[in-house]
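Structural overview for review
Okay, here's what each chain looks like letter by letter:
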Amino acid sequence: MTPVYNFSAGPATLPAPVLARAREELQDWHGSGMSVMEMSHRGKEFMSIAQQAETRLRELLGIPADYHVLFLQGGATSQFSMVPMNLLRGRKQADYINTGAWSKKAIAEARRYCSVNVAASSEDSNFTTIPPADSWQLDPAAAYVHYTPNETIGGLEFDWIPETGTLPLVADMSSTILSRPLDVTRFGLLYAGAQKNIGPAGLTVVIVRSDLVGDVLDCTPSMFNYQSHADNGSMLNTPPTFAWYLAGLVFEWIGEQGGLAAMAEVNQRKAGKLYEFIDRSDFYSSPVDPRYRSWMNVPFILADESLDAEFLSQAGDAGLLNLKGHRSVGGMRASIYNAMPEAGISTLTEFMAEFERNRG
Ligand SMILES: *Cc1c(COP(=O)(O)O)cnc(C)c1O
């Protein structure tokens, strides 16, 4: 098998050592004679897998004891509903910051449950920048403030955590969680679909301060109630056991790499190399405000878009996969999460330079 580098935005590439370990353990986990896929989620084997994954995540992120860590299903998209259902707590409005496609989806869903105050938006700039903090019109009567620290499609990422006073801060961290150290205490709740930086699709991680949990809208199904999941150790029903196990292996791998500080160093270097190459070239360009360029998702365009198809086809032949930008924005996008090795970036920039020489 020739090596490939997979730049998919999600489901995304996983660390090779994690896949090797999963393969080793696939049919017989630790002498149990069972695959993790075949185990009862309430048996002692899976209980130990589940607890270890949670412990590792708590260690990596330094999650305080007064936060629940929930291993759920339904993707980040279900959180667009679960957040208002659980966090409105008697209030009728919530603040949302609109920085791109995922913010917009969160806003549209929240409007089913409450009055949404879009406290700031960068739509005017076509979402190429972050609205400055002093322009935000937060509503003191809001139940919480929701934002998207990394817009996966636009490649726009906050380099600061909003200060929201007593209003709980809620973050959709799907494509940036675990990319660097994070002060969890700044947040009331954060959530992430696993398939970008945590593990396979099918698992959603929610980290929520326990005092925010328990007072839900009357219509809330128990599957959408954080309290019922917290009370049942995320085993209100059958959890996504294999995805949970793989997430645990990814957490272990991150620990072995030196934890989140080490991840941040490598991620910053990887993104820096790619942006620097793009900026030096007259053929490729990045539309995003340099200050807010994402470390995880790097959109770029070719000077001549009629070459897009040829670029993608030659990239594919060179083992550089899934570089096509999101259908809503076009162009290219290289998603370079934790599991993308640095060699993937060098191979990509070498290919891009070569393509520019031949076709630029
Ligand atoms: C991928 C993504 C989502 C959607 O996640 P699903 O798990 O498919 O529901 C939401 N928000 C952000 C920021 C994402 O990157």
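See the structure printed just above.
This report concerns the structure included in the present document. (Residues numbered from 1 in each chain as written. Predicted model: local features only at pLDDT ≥ 70, side-chain atom pairs only at ≥ 80, totals over all residues. Heavy atoms only, no water.)

1. Re the sheet that holds strand E11 (residues 284-285)
Across the sheet, three strands lie side by side as E11-E12-E14; this open sheet has antiparallel pairing. Unpaired on one side and paired on the other, E11 and strand E14 (332-335) mark the two borders of the sheet. Relative to strand E12 (residues 297-302), E11 runs antiparallel, the two being bridged by two bridges. Counterpart to Ser285 in the pairing with E12 is Ile301. (Pairing = 2+ DSSP bridges. Helix = DSSP H or I, 4+ residues; strand = E, 2+ residues; numbered from the N terminus.)

2. Some remarks on the site of the ligand
Close contacts around the ligand come from 13 residues, with Thr77, Thr152, Asp172, Gln195 and Lys196 the closest. Ala76 is positioned such that a nitrogen or oxygen atom in its backbone is 3.1 Å from an oxygen atom of the ligand. Lys196 places a polar side-chain atom, nitrogen or oxygen, 2.7 Å from an oxygen atom of the ligand. Burial of the ligand by the protein chains amounts to 86% of its free accessible area of 390 Å². Ranked by residue count, the leading element in the shell around the ligand is helix H3 (residues 75-87), at four residues. Class assignment for the residues of the shell around the ligand results in three nonpolar, eight polar and two charged. (Near = heavy atom within 4 Å. Polar contact = N/O pair within 3.5 Å; in protein donor to acceptor, adjacent residues only side chain to side chain. Areas by Shrake-Rupley, 256 points an atom, 1.4 Å probe, with all protein chains shown as cover. Nonpolar A, V, L, I, M, F, W, Y, C, P; charged D, E, K, R; others polar.)

3. Considering the environment of Ser328
Tracing the backbone shows Ser328 in the loop between strand E13 (320-321) and E14. Counting along the chain gives 228 residues from Ser328 to Gly100, while the straight-line C-alpha distance between them is 11 Å. Separated by 2.7 Å, the side chains of Ser328 and His326 make a polar contact.

4. Observations regarding the packing of aromatic side chains
Under the definition given, this model contains 19 aromatic pairs. Seen from their ring centres, Phe277 and Tyr284 are 5.9 Å apart, and the 40° between their planes marks the pair as tilted. For the pair Phe277 and Tyr284, one class covers both residues: buried. Taken together, a centroid distance of 5.9 Å and an interplanar angle of 80° make the contact between Tyr284 and Phe300 edge-to-face. Of this pair, Tyr284 sits in strand E11 while Phe300 sits in strand E12, and the two are 16 residues apart along the sequence. A relative accessible area of 1% means that Tyr284 is categorised as buried. (Phe/Tyr/Trp six-rings, centres within 6.5 Å; stacked < 30°, edge-to-face > 60°. Buried < 20%, exposed > 50% of the residue type's maximum accessible area, 1.4 Å probe, protein only.)

5. Observations regarding the pairing of strand E8 (residues 169-172)
Burial of the side chains of E8 extends over both faces: Leu169 and Ala171 are buried on one face and Val170 and Asp172 on the other. Here three bridges tie strand E5 (residues 145-147) to E8, and the two strands are oriented parallel to one another. Directly across from Val145, in E8, lies its bridge partner Leu169. Where E8 lies against strand E9 (residues 189-193), three bridges are found, and the strand directions are parallel. Paired with Asp172 across the strands is Tyr191, a residue of E9.

6. Some thoughts on the side chain of Ser175
Tracing the backbone shows Ser175 in the loop between E8 and E9. Judged by its relative accessible area of 0%, Ser175 falls in the buried class. Here Thr152 takes part through its side chain, which lies 2.7 Å from a polar atom of the side chain of Ser175. Ignoring sequence-local partners within four residues, the contact set of Ser175 consists of Asn150, Thr152, Lys196, Met296, Asn297 and Tyr337. (Contact = heavy atoms within 4.5 Å.)

7. Examining the pairing of E12
Each regular strand carries side chains that alternate between the two faces of the sheet. Taken across its six residues, E12 has five buried, putting it largely inside the fold. As paired elements, E12 and E14 share four bridges and run antiparallel to each other. Note on E14: the bridge partner recorded for Val298 is Ala334.

8. Topic: the packing of H3 against helix H4 (residues 101-110)
With their axes 8 Å apart at the nearest point, H3 and H4 run at an angle of 45° to one another. With respect to H4, the axis of H3 lies oblique. Like other packed secondary-structure pairs, H3 and H4 cross with a definite hand, here right-handed. Residues Phe80, Ser81 and Pro84 of H3 form the contact with H4, whose own contacting residues are Trp102, Lys105, Ala106, Glu109 and Ala110. (Axes fitted to C-alpha atoms, helices over the stretch in contact; angles between N-to-C directions. Parallel < 35°, antiparallel > 145°, perpendicular 65-115°, else oblique. Left-handed = near helix turned anticlockwise from the far one by under 90°.)

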